Amino acid sequence: AQLVESGGGLVQPGGSLRLSCAASGFTFSGYVVSWYRQAPGKGRELVAHIETTGGNTVYAPSVKGRFTISRDNAKNTVYLQMNSLKPEDTAVYYCNGRTLWGQGTQVTVSS
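Quick look at the structure, then.

Thresholds, definitions, all that
- Residues numbered from 1 in each chain as written.
- Predicted model: local features only at pLDDT ≥ 70, side-chain atom pairs only at ≥ 80, totals over all residues.
- Heavy atoms only, no water.
- Core = buried A, V, L, I, M, F, W, Y, C linked by side-chain atoms within 4.5 Å.
- Buried < 20%, exposed > 50% of the residue type's maximum accessible area, 1.4 Å probe, protein only.
- Helix = DSSP H or I, 4+ residues; strand = E, 2+ residues; numbered from the N terminus.
- Disulfide = S-S within 2.5 Å.

**Some remarks on the nonpolar core**
Most often, soluble globular proteins keep nonpolar side chains buried together rather than apart. Trp35, Leu80, Met82 and Tyr93 are the most contacted members of the largest nonpolar core, which totals 29 residues. Every element with two or more residues in this core is listed here: β3 (17–24), β4 (33–38), β5 (44–50), β7 (67–72), β8 (77–82), β9 (91–97) and β11 (105–109). Among the elements that line this core, the one with the most residues is β3, at 4 residues.

**Observations regarding the state of the cysteines**
One pass over the structure, following the stated rule, counts 1 disulfide. Here Cys21 pairs with Cys95 through a disulfide, and the sulfurs are 2.0 Å apart. In this structure, the disulfide formed by Cys21 and Cys95 twists by about 65 degrees around the S-S bond and is classed as right-handed. Within this pair, whereas Cys21 is found in strand β3, its partner Cys95 is found in strand β9, the two being separated by 74 residues in sequence. In terms of burial, Cys21 and Cys95 fall into one category: buried.

**Things to note about the environment of Leu80**
Positionally, Leu80 belongs in strand β8. Considered as a pair, Leu80 and Thr68 are 12 residues apart in the sequence and their alpha carbons are 5.7 Å apart.

Quick look at the structure:
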């Protein structure tokens, strides 16, 4: 069983990215899934999480209104749509579910 993140990259301030977290080896639909991020020199912080059916979501205050977490259980995938990106969003983004962590995907917001 594993989680694999993708979709990171370099984007200018104000831009958008969509991250994906794909699960393999188990059925994702039975688990709450969270996105975390870790900026250089800082601890890992919770960005958002989504309950099993996608009906309930929670966001960190710093991203609320800009980021949207969603899931497609048929595709065993959770997404993080990130809009209006800021330099302070620069970090490695990780997904977490069923006590598993992905390898992370780098997001860099810079002009």
